[in-house]
Number of protein chains: 2
Amino acid sequence: MKMMYEINDTHDPNLKSWVESANDPATDFPIQNLPWCAFLDAGASQSFSTPRLGVRIGDRVLDVSAAASRGLIARDDSDHLVLDAAQHMLSHADYRFDSIAYISRMQPGAAAQLRAAIQRVLAAGFENLSESKFPGSRLVLPAEEVEFLLPVQPSNYTDFYASIHHATRVGAMFRPDNPLLPNYKWVPIGYHGRASSIIASGTPVTRPSGQTRADDAEAPRFAPCRMLDYELEVGAVIARGNELGSPISIADAEDHILGLTLVNDWSARDLQKWEYQPLGPFLAKNFATTISPFIVTMEALAPFRCPAYPRPDADPRPLPYLSHAGDEHLAGIDITLEVHLASAEMRRRSMHPVRLSRGSFKSMYWTLAQLLTHHASNGCNLQTGDLLASGTVSGPAPDSAGCLLELTWDGPGKPRKPVELPTGEKRLFLEDADEIILRAHCERDGFRRIGFGECRGTIAPAKS
Amino acid sequence: MKMMYEINDTHDPNLKSWVESANDPATDFPIQNLPWCAFLDAGASQSFSTPRLGVRIGDRVLDVSAAASRGLIARDDSDHLVLDAAQHMLSHADYRFDSIAYISRMQPGAAAQLRAAIQRVLAAGFENLSESKFPGSRLVLPAEEVEFLLPVQPSNYTDFYASIHHATRVGAMFRPDNPLLPNYKWVPIGYHGRASSIIASGTPVTRPSGQTRADDAEAPRFAPCRMLDYELEVGAVIARGNELGSPISIADAEDHILGLTLVNDWSARDLQKWEYQPLGPFLAKNFATTISPFIVTMEALAPFRCPAYPRPDADPRPLPYLSHAGDEHLAGIDITLEVHLASAEMRRRSMHPVRLSRGSFKSMYWTLAQLLTHHASNGCNLQTGDLLASGTVSGPAPDSAGCLLELTWDGPGKPRKPVELPTGEKRLFLEDADEIILRAHCERDGFRRIGFGECRGTIAPAKS
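Residues numbered from 1 in each chain as written. Chains lettered and ligands numbered in written order. Predicted model: local features only at pLDDT ≥ 70, side-chain atom pairs only at ≥ 80, totals over all residues. Heavy atoms only, no water.

Some details on the overall build of chain A
Helix and strand counts for chain A come out as nine helices and 26 strands. Of all 464 residues assigned to chain A, the portion counted as buried reaches 63%. In chain A, of all internal contacts separated by at least 6 residues, the share reaching a separation of at least 24 is 74%. For chain A, the computed accessible surface area is about 17000 Å², with 51% contributed by carbon and sulfur atoms. (Helix = DSSP H or I, 4+ residues; strand = E, 2+ residues; numbered from the N terminus. Buried < 20%, exposed > 50% of the residue type's maximum accessible area, 1.4 Å probe, protein only. Contact = heavy atoms within 4.5 Å. Areas by Shrake-Rupley, 256 points an atom, 1.4 Å probe, with all protein chains shown as cover.)

Quick word on the interface of chain A and chain B
Of the residues lining the interface, 63 residues belong to chain A; the matching set on chain B comes to 63 residues. Taken together, the two surfaces of chain A and chain B that pack against each other cover about 5900 Å², and 60% of this comes from carbon and sulfur. At the boundary of chain A with chain B, the tally comes to two salt bridges. Applying the counting rule to chain A against chain B returns 25 residue pairs in polar contact (both at pLDDT 80 or more). For the side of chain A that touches chain B, the secondary-structure elements that each account for two or more residues are strand 6 (157-160), strand 7 (190-192), strand 10 (209-212), strand 11 (221-224), helix 6 (269-275) and helix 8 (368-376) of chain A. Top contributing element to the side of chain A that touches chain B by residue count: strand 7 of chain A, with three residues. Class assignment for the residues of the side of chain A that touches chain B results in 30 nonpolar, 24 polar and nine charged. (Buried area = accessible area lost by both parts, 1.4 Å probe. Salt bridge = Lys/Arg side-chain N within 4 Å of Asp/Glu carboxyl O. Polar contact = N/O pair within 3.5 Å; in protein donor to acceptor, adjacent residues only side chain to side chain. Nonpolar A, V, L, I, M, F, W, Y, C, P; charged D, E, K, R; others polar.)

Concerning the packing of aromatic side chains
Enumeration over the complete set of coordinates arrives at 18 aromatic pairs over all chains. Summarising the aromatic geometry, the rings of A:Y184 and A:Y365 are spaced 5.9 Å apart at their centres and angled 50° between planes, so their arrangement reads as tilted. Of this pair, A:Y184 sits in the loop between helix 5 (164-174) and strand 7 while A:Y365 is found in the loop between strand 21 (354-360) and helix 8, placing the two residues 181 residues apart along the sequence. An identical accessibility class is assigned to A:Y184 and A:Y365; each is buried. On the basis of an interplanar angle of 70° and a centroid distance of 5.1 Å, the ring pair of B:F148 and B:F294 is categorised as edge-to-face. A residue pair is termed long-range when its members are at least 10 positions apart, and B:F148 in strand 5 (residues 146-148) and B:F294 in the loop between strand 16 (289-291) and strand 17 (296-297) qualify at 146 residues. Neither residue differs from the other here; B:F148 and B:F294 are each classed as buried. (Phe/Tyr/Trp six-rings, centres within 6.5 Å; stacked < 30°, edge-to-face > 60°.)

Some remarks on the sheet that holds strand 1 (residues 36-41) of chain A
Residues and elements named next belong to chain A. With respect to topology, five strands assemble into an open sheet ordered 4-3-2-1-5, the strand pairing being antiparallel. Taken across any chain shown, the strands that pair with only one partner, and hence form the sheet edges, are strand 4 (140-142) and strand 5 (146-148). Direction aside, neighbouring strands of the sheet carry axes that sit 45° apart on average. Judged from the four bridges that link them, strand 1 and strand 2 (residues 52-57) form a sheet pairing that is antiparallel. When the sheet's bridge partners are listed, W36 is paired in strand 2 with V55. (Pairing = 2+ DSSP bridges. Axes fitted to C-alpha atoms, helices over the stretch in contact; angles between N-to-C directions.)

Some words on the relation of the copies chain A and chain B
Rotating chain A by 180° about the axis while translating it 0.0 Å along that axis superimposes it on chain B, leaving an RMSD of 0.0 Å. The relationship between the two copies is best expressed as a two-fold rotation axis. Measuring from the rotation axis to each C-alpha of chain A, the shortest distance belongs to A:G280, at 2.2 Å. Most of the interface of chain A is mirrored in chain B: 100% of its interface residues are interface residues there too. (Least-squares fit on C-alpha atoms with pLDDT ≥ 70 in both.)

Quick look at helix 4 (residues 110-122) of chain A
Between its terminal C-alpha atoms helix 4 of chain A stretches 19 Å, which fits the 18 Å expected from 13 residues at 1.5 Å a residue. Every buried residue of helix 4 of chain A is listed here: A:A110, A:A111, A:L114, A:R115, A:A117, A:I118, A:Q119, A:V121 and A:L122. (Expected span 1.5 Å × (residues − 1).)

Re the pattern of salt bridges
Residues and elements named next belong to chain A. Scanning the model with the defined rule gives 52 salt bridges over all chains in all. One salt bridge connects E231 with R269, and the closest N-O pair in it is separated by 2.9 Å. Here E231, found in the loop between strand 12 (228-229) and strand 13 (232-238), pairs with R269, found in helix 6; they are 38 residues apart in sequence, far enough to count as distant. Overall, the relative accessible area of 7% leaves R269 in the buried class. In this structure, D410 and K417 form a salt bridge, with 4.0 Å as the shortest nitrogen-oxygen distance. Judged by relative accessible area, D410 falls into the partly exposed class, the value being 31%.

Some words on the sheet that holds strand 26 (residues 450-460) of chain A
Residues and elements named next belong to chain A. Read from one edge of the open sheet, five strands run 9-26-25-20-21, paired in mixed fashion. The two strands at the open ends of the sheet, each matched to only one other strand, are strand 9 (205-206) and strand 21. Across six bridges, the pairing between strand 20 (residues 336-342) and strand 21 is antiparallel. Within strand 21, the residue paired with L341 across the bridge is V354.

A short note on the domain arrangement of chain A
Residues and elements named next belong to chain A. Parsing chain A into structural domains produces domain 1 (2-148) and domain 2 (157-460). Counting residues at the interface gives 36 residues for domain 1, matched by 36 residues for domain 2. Carbon and sulfur atoms make up 61% of the surface buried where domain 1 meets domain 2, a total of about 3100 Å² over both sides. In terms of surface lost to domain 2, no three residues of domain 1 exceed M4, Y5 and W36, which account for 22% of the buried area on that side. (Domains from an automatic or database assignment.)

Section: the pairing of strand 2 of chain A
All names here are of chain A. The element strand 2 is extensively covered by neighbouring structure, given that six of its six residues are classed as buried. In strand 2, alternate side chains face the same way, and those of R52, G54 and R56 on one face and L53, V55 and I57 on the other are all buried. When strand 2 meets strand 3 (residues 60-63), the two strands line up antiparallel, connected through four bridges. Following the sheet pairing, I57 is matched in strand 3 by R60. Where strand 2 folds back onto strand 3 in an antiparallel hairpin, the turn is made up of two residues, including G58, whose phi is positive at roughly 55°.

Digging into the environment of B:I459
All names here are of chain B. Positionally, I459 belongs in strand 26 (residues 450-460). Taking the C-alpha atoms as reference points, I459 and E231, 228 residues apart in sequence, are found 14 Å from one another. The residues touching I459, leaving out its near neighbours within four places in the chain, are V205, R207, L228, W266, L430, E431, D432, A433 and D434.

Observations concerning the side chain of A:D315
Residue and element names in this part refer to chain A. Mapped onto the elements of the fold, D315 is located in the loop between strand 18 (305-306) and strand 19 (332-333). What makes D315 buried here is its relative accessible area of 9%. In this structure the side chain of D315 is engaged in a polar contact, spanning 2.8 Å, whose partner is the side chain of K185. For D315, the contacting residues outside a window of four places in its chain are K185 and Y365.

Here's the deal with the confidence of the model for chain A
Do not read the predicted coordinates in detail wherever pLDDT is low. The predicted model of chain A has a mean per-residue pLDDT of 89, with 89% of residues at 70 or higher. Under the prediction, the complex receives an ipTM of 0.94, its pTM being 0.94. (pLDDT = per-residue confidence, 0-100.)

Here we look at the layout of surface pockets
Roughly 1100 Å³ of internal volume is contained in the largest pocket. Around the largest pocket sit 47 residues that line it, and A:F174, A:R269, A:D270, A:K273 and A:W274 are the ones nearest its centre. With six residues, helix 5 of chain A is the largest single contributor of residues to the lining of the largest pocket. The residue makeup of the lining of the largest pocket, split by class, is 24 nonpolar, 10 polar and 13 charged. The computed volume of the second largest pocket comes to approximately 780 Å³. B:F174, B:M227, B:R269, B:D270 and B:K273 are the residues nearest the centre of the second largest pocket, which is lined by 39 residues in total. Only strand 6 (157-160), helix 5 (164-174), strand 11 (221-224) and helix 6 (269-275) of chain B provide two or more residues apiece to the lining of the second largest pocket. (1 Å grid on protein atoms, 1.4 Å probe; cavity = no way out; pocket = protein on both sides within 12 Å on 5 of 7 lines; lining within 4 Å. Points joined across faces, edges and corners; volume = space filled by probe spheres on them.)

The structure is reproduced here in structure tokens:
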């Protein structure tokens, strides 16, 4: 069995941590999770306010950089090498050039080895990183006292379109008789997004201005977007790349993935409609893309593997280079995904965010391994730190749609049906001061819950 | 008048250099040009084989890094600051983070100031960098002894579609009755390309494999591309970026451009046809993009400014944010652009490459300033080192088309007409071992010729 599917001691639900909050059954971050993050220690002296490599556990963050430099994690040279690589990759320093020598040595299994080492020092009975051993050391910090940064500064960003439910619903809006294009079931459709405007969770998103044209107008106008939307996606962070000209086989594809984040691919639907032909989305998408602070490792997700999308008999089989062969039954991942919204009025009245949708990543037509393999199939070189996003995750049920464009659609020719908020406010698209919160978790009997944390963004008014 | 339009002493055609080859009227690189480059000194000892910042002059390269470190160029602190910035930006070290503090200080005019300082030390009568003064110093090296690298490692790559002649011809192939989409004359159409696969001139281009589907076939197949093409483009290298959320006015747009390169946006037409709907080109383009070794500065191009494309009266005026207002008469650049091809058989018979096309950059419907302003109009943040390519440069004449897709097209419904090479060989698209050479230059009475050098690439066979 492939390493990424293997369930082992690190997934043991009985394993407890001396960080008490990690033992709460409701936490996203038990000792079985340990996602990577990058953070600033807001409480530290000036000299320490550089980006740190961290691991989230319960309501705390382990400062991996500090713990490793004290020799508290790595036990041998091989551990140190892996730590150096991770530090370089996840920090805001340059991982594209300076650390490429390190990263290229990060073989499959190295990240798993490091995760196991960190799990050992966080396990109950091994309190040597705790405050009682190192008073004032800030090795394990309260999460509320740190500022989470982008967990990776992506070199390149690719966005796919892997949900057949999303593609079919959106297609039906433009082509009621022929919603799905002929290539969809053969080609994992994707396009290049903008890496520079990827922002950390919590960063405000300024409403973009741009060209739009009303259906009955001759000329377009340049004005603030009036159909601002979110898109719920899952992003894969690339650990090791490939040489230009050298494809990656589907059997090796997941060895190139460090882990997953949540992605909000903010979209200006009115700009998109006017600009997107013939070369695809551009300004409708590149004003902002938010990612969550934590990279949940493929190792932590092993217990939640599930079959790839069950293609109906009438659908074509994937071409050989995209065929999972023997491991189709584990090529998917069952991740529950939710979108929540809080308006300014809801916050004023201290109301909880309202859930707009709930779906699962297992409903995607193409697996992550297929997306990655297709991307490199022409020899395109993936690089350490690249972000490959899934495209909007929408399931078959109407309330599992991952964007407002779908949620408020009521069928061809009909007026859009607004979403109603608990305050009585209505939404066809996002208003200024609306906050969107993406959440995700995995659950399975006999295992601890593995969560992704949150990916948040609030709409700021357009600049005049 | 804006600084980038200003003709001054640095353009004086009577100015000579003590590098004799720069005084040859046919050279691309007189002392009035001085384009930036990055190179490895192949003849240097191991410790010097790191990327160097250079300036091309005649058949030589000035090692700016070495000359500056000896205090031979910079005369005051301000010069040093500019040199540091240029070194960081153009070297293969990380300019995205480490040097951002330097780069952000590179105000409009700083690059011009540096160019003037370098011009002074290369002028006849000021031989203090020459071999006679510093024997064995390798401050001014024969170009044939160095390896030219990418002149910039682009952070983000955007490709536009700014030639109306290209858009119309290509559109006619798919939509004979309606070749130009309704948005074309309003929106400078663009999309994101792949930054990781941008390669230096001379790097072989491996024929990509991918999915294609014959018109009469039910299923696609995965096989080597059979319709491999080049695209002749001009690329602008971004000097200073903008903050996310802060657009750039058209009046300020060119202040953000360091200079121009030649770009070959290699294209797999059969892959493109099958994959591009609905999200645009992806694997058909991202296997390789070649750029020329030299960044020709906007200052050097000042004498060759010309009016923006003369829009017919029936065409709409650009929206206000894209309107050139008072300087429409200088917003274009008259650059002559050529494509040459050499087959293996031609090289075997020692024949010169054959010219396939010749056109001018002045035929573009959208100016560089309009492309850049549109890109940032939604708040998208451009970054130092970004590459903004024009899209295929095709003029109105059939022999000015910048790709084989257009050159071999003989009208709707007709079979393609091959290009005939001097050997009698015929080409509809590129064959293995074909070399494509892009060249460009500016000429005007009373000024020295300013050339771009060459952008070369040879097709290597598909990997099995």
